[in-house]
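# Coordinate inspection notes
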Amino acid sequence: MNSQKIAKLETLLDRVKTRASAPRAAAVRAAVPAATAVAPLLVEDVPSSEDVTQLHVPMPSEAGAEMETSSAMEASDAEIEEMLDADIEVSTELIEIDVEEEGPATTDSSAEIVLEPIDEFAVAEALSQSDLTAESTPEPVFANELEAEPPVSSRRPVSLESAAEEEPSAPRHTPPPESGKQVAAPPFAAAASKPTAVGAWREPGMPEGHVPERVSPVLPAAANVVKLEAEALAFKPANFGDLLDATLAL
Amino acid sequence: MTGPSFDPSGAVRFNLRSGMASDAQGARLVLVPTNAFDALGDDALATFGTAVGRACGTRVAARLGGAASVRGGSLEVVISHLAGELALAGACSLEIERWGRAMLAVVKNEAVAKDAFSCALLSSAIGEAAGRAVFAVSVGREVSVSRFFIGSRETTERVRDLVAGGRSYGDVVATLQGSAS
């Protein structure tokens with residue numbers, strides 16, 4: 001880096017100082033507290049080359065805060081020109097970017113340019129932190145911007161006060177069954193098992209309340225229904241001669 | 001069982017010095033191998049069977065006191081003596097089946113498994129013991145069991161025709177019972 005570039009950077013630093021000291025209420029966002037004054041530099045591109053320019057910008061002493069900003073950029077003329085032409089947004093918000101500093105710390109009010117290798121990881125972390133800060137900050141609603149109504153299915157914002165005022169309602173889900181022994185049903189009472197006419201079939205056309213009467217026959221448990229008139233003819237020979245005579249008579 | 005039981009003691013006597021074998025009454029006997037009957041015809045077999053059976057019946061009648069005593073004797077006594085005598089002769093074992101009024105002789109372990117010999121043997125033994133003219137005809141032969149109907153000449157002729165027609169002994173007996181009722 002030659003002396004010409006250093007001169008341009010010094011010019012840029014002067015402009016930054018001038019803008020920071022000027023009153024700029026319109027440029028400060030409403031959500032940012034005015035007590036602190038931070039002037040972050042908008043870094044659009046992270047340089048990938050090894051040449052890194054670390055810029056230390058001390059803030060004015062009347063603000064009571066110190067601003068420390070480090071930026072990495074390529075040491076090319078085109079980018080320096082781009083930086084000169086770009087709008088620098090100055091706010092009072094303090095953003096600390098953890099970038100390890102190697103070498104002697106500079107407390108001098110003049111800018112000091114130190115050539116040192118860039119820590120890509122630190123830069124990426126700083127960018128992510130700035131993104132998170134931007135997300136947590138509510139978006140400002142401008143006057144000329146129409147706010148679209150949320151869809152019906154979107155979540156309904158419930159404030160803590162309204163939730164506390166709600167009366168405790170019944171559990172929304174069926175509670176789980178209780179564990180342990182199940183209580184058996186009471187034994188079926190025999191007396192209650194007598195047939196009743198409730199729910200019984202009724203002859204069509206018969207008035208309700210009429211129950212048919214059942215008549216069962218009375219029969220003896222046992223009876224001699226067979227009367228033998230004569231015994232069956234069974235041949236029982238008394239001796240060998242009778243059997244011999246019988247078989248000879250066939 | 002009422003009546004004298006069969007006692008085979010001394011039923012066969014051997015006189016080794018004189019070379020004689022005889023029954024209890026002194027009638028001579030001869031031990032003949034069974035294969036000697038293989039070359040004989042039905043008539044010869046019937047002759048041999050009649051001779052053996054008649055000798056057995058005669059001894060039964062002698063033991064039981066005559067033909068009248070045999071006829072008056074119980075079935076068990078008479079059958080026991082008849083079966084005993086046939087066993088001593090080495091002819092066969094004998095049982096009696098009564099199918100209603102019909103009498104069937106059940107024969108096992110025949111020494112000569114020929115219908116001519118067995119029919120002559122059975123009819124001669126029973127007839128000689130009871131003093132009646134008795135005839136026998138085969139109604140069925142199984143592996144080692146043979147059944148013979150005991151009856152008159154006319155009835156045995158009918159039974160022979162029924163068996164020749166393929167009727168079983170059960171059908172034959174049933175037919176005889178039906179025709180007799």
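Everything in this summary refers to the structure shown in the same document. This is a predicted model, so every value here is computed, not measured.

## Section: the packing of helix α1 (residues 42–64) of chain B against helix α3 (residues 75–88) of chain B
All names here are of chain B. Two numbers describe how α1 lies on α3: the axes approach to 9 Å, and their chain directions differ by 135 degrees. One finds that α1 runs oblique with respect to α3. In this structure, the crossing between α1 and α3 has a hand that is right-handed. Only V77, V78, H81, L82, E85 and L86 of α3 make contact with α1, whose side of the interface consists of C56, R59, V60, R63 and L64. Its residues assigned to classes, the contact of α1 with α3 shows seven nonpolar, one polar and three charged.

## A word on the interface of chain B and chain A
Between chain B and chain A, the contact holds 27 residues from the first and 12 residues from the second. The largest per-residue losses of area from chain B upon contact with chain A belong to L75(B), R98(B) and R101(B), which jointly make up 34% of the total buried on that side. At the junction of chain B and chain A, the tally comes to one salt bridge. In this structure, D245(A) engages R132(B) in a salt bridge whose closest nitrogen and oxygen atoms are separated by 2.6 Å. Counting across the chain B and chain A interface gives eight residue pairs in polar contact (both at pLDDT 80 or more). For the side of chain B that touches chain A, the elements supplying multiple residues, two or more each, are α2 (67–72), α3, β4 (93–99), β5 (102–108), α4 (115–130), β7 (145–151) and α6 (169–180) of chain B. A total of four residues in the side of chain B that touches chain A trace back to one element, the largest contributor, which is α3(B). Along the lines of polarity and charge, the residues of the side of chain B that touches chain A split into 16 nonpolar, seven polar and four charged.

## Section: the side chain of S152(B)
By the element assignment, S152(B) lies in the loop between β7 and α5 (153–164). Non-local contacts of S152(B), meaning those with residues more than four positions away in its chain, are made with T247(A), L248(A), L250(A) and F135(B).

## Points about the nonpolar core
Formed by 37 residues in total, the largest nonpolar core has its most connected members in F240(A), L244(A), V70(B), L82(B), L94(B) and L122(B). For this core, the elements supplying multiple residues, two or more each, are α5 (240–249) of chain A together with α1, α3, β5, α4 and β7 of chain B. The leading source of residues in this core is α4(B), at nine residues. Those residues in contact with F240(A) that sit more than four places away from it in its chain are V70(B), R71(B), G73(B), S74(B), L75(B), V78(B), I79(B), L82(B), M103(B), I126(B) and A130(B). Counting residues in hydrophobic clusters, the runner-up holds 11 residues, among them L250(A), L104(B), F149(B) and V172(B).

## As for the sheet that holds strand β6 (residues 135–141) of chain B
All names here are of chain B. Here we have four strands laid out as an open sheet, ordered β4-β5-β7-β6, and antiparallel in their pairing. The two strands at the open ends of the sheet, each matched to only one other strand, are β4 and β6. When the angles between neighbouring strand axes are averaged without regard to direction, this sheet yields 30 degrees. Here six bridges tie β6 to β7, and the two strands are oriented antiparallel to one another. What sits directly across from F135, in β7, is G151.

## Concerning α5(A)
Residues and elements named next belong to chain A. Extensive coverage of α5 is indicated by the burial of seven of its 10 residues. By the burial criterion, the buried members of α5 are F240, G241, L243, L244, A246, T247 and L248. The distance from a side-chain oxygen at the start of α5 to the backbone nitrogen of G241 is 3.2 Å, and the residue carrying that oxygen is N239.

## As for the sheet that holds strand β1 (residues 12–15) of chain B
Taken in spatial order, the three strands make up an open sheet running β1-β2-β3 (chain B), and their pairing is antiparallel. Because the sheet does not close on itself, it has two edges, and the strands there are β1 and β3 (28–29) of chain B.

## Topic: the packing of aromatic side chains
Using the criterion set out here, one finds three aromatic pairs over all chains in the structure. Taken together, a centroid distance of 5.2 Å and an interplanar angle of 80 degrees make the contact between F37(B) and F48(B) edge-to-face. Taken as a pair, F37(B) in the loop between β3 and α1 and F48(B) in helix α1 lie far apart in primary sequence, 11 residues in all. By the ring-pair criterion, three or more aromatic residues cluster together here, those being F37(B), F48(B) and F117(B). Over the ring of F235(A) we find R101(B), and its NZ or CZ is 4.9 Å from the ring centre.

## With respect to the pattern of salt bridges
All names here are of chain B. Using the criterion set out here, one finds 10 salt bridges over all chains in the structure. For R59, the salt bridge identified is with D23, shortest N-O distance 3.4 Å. With R59 in helix α1 and D23 in strand β2 (residues 20–23), this pair connects stretches of sequence that are 36 residues apart. For the pair formed by R59 and D23, the shared burial category is buried.

Parameters at a glance
- Along every chain, residues carry numbers that run from 1 in the direction the sequence is written.
- Here chains are named by letter from A upward and ligands by number from 1 upward, in the order in which they appear as written.
- Given that this is a predicted model, residues contribute local features only at a pLDDT of at least 70 and side-chain atom pairs are listed and counted only at 80 or more, while totals for whole chains, interfaces and linings are drawn from all residues.
- Side-chain measures were taken over the full set of non-hydrogen atoms in the model, leaving aside hydrogen atoms and water.
- Between the N-to-C directions of two axes lies an angle of 0 to 180 degrees, each axis being a line fitted to C-alpha atoms and, for a helix, fitted only over the stretch in contact.
- Helix and strand definitions follow DSSP, with helices as H or I runs of at least four residues and strands as E runs of at least two, each counted in order from the N terminus.
- Geometric relationships in this document are graded by angle, where less than 35 degrees denotes roughly parallel, more than 145 denotes roughly antiparallel, 65 to 115 denotes roughly perpendicular, and other angles denote oblique.
- Here is the rule for handedness: rotate from the far helix to the near one, and if that takes an anticlockwise turn smaller than a right angle the crossing is left-handed, while a clockwise turn gives right-handed.
- Two residues qualify as a contact provided that any one of their heavy atoms is within 4.5 Å of a heavy atom in the partner residue.
- Residues are sorted three ways: Asp, Glu, Lys and Arg are charged, Ala, Val, Leu, Ile, Met, Phe, Trp, Tyr, Cys and Pro are nonpolar, and all the rest, Gly among them, are polar.
- By buried area we mean how much accessible surface two parts lose on assembly, using a 1.4 Å probe and totalling the loss over both.
- Salt bridges are identified by distance alone: a Lys or Arg side-chain nitrogen within 4 Å of an Asp or Glu carboxyl oxygen.
- In protein, a polar contact means a hydrogen-donor-capable atom and an acceptor-capable atom, both N or O and within 3.5 Å, with residues adjacent in sequence counting only if both atoms are side-chain atoms; elsewhere, any N or O pair within 3.5 Å suffices.
- By nonpolar core is meant a set of buried Ala, Val, Leu, Ile, Met, Phe, Trp, Tyr and Cys residues that side-chain atoms within 4.5 Å join together.
- The cut-offs for exposure are 20% and 50% of the maximum accessible area for each residue type, with area from a 1.4 Å probe on protein chains only; residues under the lower value are buried, those over the upper are exposed, and the others partly exposed.
- The pairing criterion for strands is at least two bridges between them, as found by DSSP.
- Under the pairing criterion, centres of Phe, Tyr and Trp rings, with the six-membered ring standing for Trp, must be within 6.5 Å; the plane angle then separates stacked pairs below 30 degrees from edge-to-face pairs above 60, leaving the rest tilted.
- Put simply, a charge is over a ring when the Lys NZ or the Arg CZ is close to the ring centre, within 6 Å, and near the line of the ring normal, within 35 degrees.

Without other data, these values stay purely geometric and don't point to any function.
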